[in-house]
Amino acid sequence: MSDYRSMWQDLGMDLENHDLLCQVLPTAVGDVFLSQKNRPKAMDFWDLVISEVHGIRPAELVKAQQEGRKVFGTFCVYVPDEVIIAANGIVTGLCGGSQFWVPDGEKVLPKSTCPLVKASVGARLGRTCPFFRIADMYVGETTCDAKKKAYEILGEDVPMYVMDVPQMKRPQDIVRWKDEIAAFAKRVEEFTGNTITPQKLAEAIKVINERRKALKRVFDCRKSECLPISGRDALLMMQISFFDDPVRCAKMCNRLADELEQRIKDGVSVAEAGAKRILVTGTPLAVPNWKLHQIIETSGAVVVCEEMCTGNRYFENLVDETQETLEGQFMALAERYMKTNCACFTPNKGRIDDIMRMVKEYHVDGVIDCNLKFCCLYDTEKYQVSRALKEAGVPVLSLETDYADTDAEQLRTRVGAFVEMISAK
Ligand code: SF4
Ligand code: SF4
């Protein structure tokens, strides 16, 4: 790894503690990714990014800040990147996916908070993640109680803006979300000192739509019976896309999709003959949470798609590019973002429809619905997800886990039994 210590020091990081995190990452990357056989060559980009995840992109962000640009850290796929980009801002994802950050989060949050929220707060307060140090403003949203309360605590340490996401999807809720996006745009203009014009917003909408199309191309390749990429590699690509420059992200995903499409034509598959095809759904898998994919893909199965925010929800549905006024563009954004089916909405039948559609499109043999401990929303929705799948005759396994490795063997046993059961069908 190149030497980024002086940058980390300037960012006020706890270097001693951060060294401990840097020590474990290479082993994890080696075990989960580099040990796989027959990977697409284009994964070299993501291998490099993840091997220097606290160096390469943070250094770019710091340089951009020195040139006068503002960095906005976000935690949810409802926050419209387009608005930030239209004001020449930069977006970076901030969700924490490592157990390493959880103890620092537990210093201020109840233990019975989901690990994603504890890790996100811990990464900031423990000063062990450069992205959490770099972001000039955090943008939260009222999607779940754990996040709402955590944002109050984070807001004591860093400028924080919280968007009020509606709880339902009635026409009046979509209009309310449009107004919320317009209010956010005003705050972004004030914070960056740049005006959002219809032309700038149109360009930003196009940039993010292009990223969506590129990610979709990669996912479309996973529908093939000849599977050209593992679930682990696709997940890594997806997780990094939340941090990367969107134009480069689209370019790299298109490069990967070119290779995957060629692999399908050439009959090159990463899956063993007879490997069972799994759809993973549930709470998002923030980087570096690779535990479940690693277990599934070393238990005789392959992950062919993720119905989650680190999956289809990040790229499905494009924003209408034909609007020419800010009002029209804000409404187009509201309409697209409100098509995302998170468990924070009621009712949320759209998520069940998405899962059933994806089961068909990706030729799925079984579904694993895995939720983070103490996530009441997804845990409760598990009942309806499981019932709908059972009624349709699709095998489903419901799991609950956290970021610790202590349950890995137990998960392995349950996943192994599930794969065996669907193999015997
Ligand atoms: S699961 Fe819901 S709250 Fe979490 S990132 Fe996705 S949309 Fe946002
Ligand atoms: S996993 Fe559940 S509890 Fe945790 S942040 Fe997401 S919606 Fe909230």
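In what follows, the structure referred to is the one given above.
This section reports on the structure supplied with the text.

1. Points about the overall build of the chain
Then step 1. Counting its regular elements, the chain contains 18 helices and eight strands.
Then step 2. Along the first, second and third principal axes, the C-alpha atoms of the chain reach 60 × 50 × 45 Å.
Then step 3. Looking at the 425 residues of the chain, the share that counts as buried comes to 50%.
Then step 4. Partitioning the contacts of the chain with sequence separation of at least 6, the portion at a separation of at least 24 is 75%.

2. Brief notes about the site of ligand 1
Then step 1. Around ligand 1 sit Cys76, Val77, Tyr78, Thr143, Cys144, Pro284, Cys309, Thr340, Cys342 and Cys344, and that is every residue in its neighbourhood.
Then step 2. Residues that form the shell around ligand 1 fall into these classes: eight nonpolar, two polar and no charged.

3. Examining the site of ligand 2
Then step 1. Close contacts around ligand 2 come from Cys114, Leu116, Val117, Thr143, Cys144, Ala146, Lys147, Thr283, Leu372, Cys375, Leu377 and Tyr378, and that covers them all.
Then step 2. Secondary-structure elements contributing two or more residues to the shell around ligand 2 are helix 7 (115-125), helix 9 (145-154) and helix 17 (376-391).
Then step 3. Residue composition of the shell around ligand 2, by class: nine nonpolar, two polar and one charged.

4. Here we look at the packing of helix 3 (residues 44-51) against helix 12 (residues 231-241)
Between two packed helices, the angle of one axis relative to the other and the distance separating the axes together describe the packing.
Then step 1. It is at 10 Å that the axes of helix 3 and helix 12 come closest, and there the two elements cross at 60°. Between helix 3 and helix 12, the interaxial angle falls into the category oblique. For helix 3 against helix 12, the interelement crossing comes out left-handed. Touching Trp46, Val49 and Ile50 of helix 3 are Leu236, Met237 and Ile240, all from helix 12.

5. Remarks on the nonpolar core
Then step 1. Ranked by size, the top nonpolar core spans 129 residues in total, and within it Val218, Cys253, Ile278, Leu279 and Val304 carry the most contacts.
Then step 2. If you tally residues by element for this core, the top one is helix 11 (residues 198-221), at nine residues.
Then step 3. Dropping the residues within four chain positions of it, Val304 is found in contact with Arg222, Leu227, Gly231, Arg277, Ile278, Leu279, Tyr362 and Val364.

6. Focus: the sheet that holds strand 6 (residues 301-307)
Then step 1. Read from one edge to the other, the open sheet built from four strands follows the order 6-5-7-8, with strand pairing classed as parallel. Of all strands in the sheet, those bounded by a partner on one side alone are strand 6 and strand 8 (396-401). The mean inter-strand angle of the sheet, taken between neighbouring strand axes irrespective of direction, is 30°.
Then step 2. Here strand 5 (residues 276-282) pairs with strand 7 (residues 366-372) via five bridges, running parallel. Among the inter-strand pairings, Thr281 is bridged to a residue of strand 7, identified as Asp369.
Then step 3. Each of strand 5, strand 6 and strand 7 is contacted by helix 16 (residues 349-361), which is oriented at about 140° to strand 6, the strand it contacts most.

7. As for unusual backbone geometry
Then step 1. The linkage connecting Val287 with the following residue, Pro288, adopts the cis geometry, with an omega of 5°.
Then step 2. With respect to the element layout, Pro288 can be found in the loop between strand 5 and helix 14 (291-297).
Then step 3. Of note, the amide linkage connecting Thr346 to Pro347 takes the cis form, showing an omega dihedral of -10°.
Then step 4. Looking at the secondary structure, you find Pro347 in the loop between helix 15 (326-337) and helix 16.

Procedures and definitions
Residues numbered from 1 in each chain as written. Chains lettered and ligands numbered in written order. Predicted model: local features only at pLDDT ≥ 70, side-chain atom pairs only at ≥ 80, totals over all residues. Helix = DSSP H or I, 4+ residues; strand = E, 2+ residues; numbered from the N terminus. Buried ≥ 20, exposed ≤ 12 C-beta atoms within 10 Å, placed from the backbone. Contact = placed C-beta atoms within 7 Å. Near = placed C-beta within 6 Å. Nonpolar A, V, L, I, M, F, W, Y, C, P; charged D, E, K, R; others polar. Axes fitted to C-alpha atoms, helices over the stretch in contact; angles between N-to-C directions. Parallel < 35°, antiparallel > 145°, perpendicular 65-115°, else oblique. Left-handed = near helix turned anticlockwise from the far one by under 90°. Core = buried A, V, L, I, M, F, W, Y, C linked by C-beta atoms within 7 Å. Pairing = 2+ DSSP bridges.

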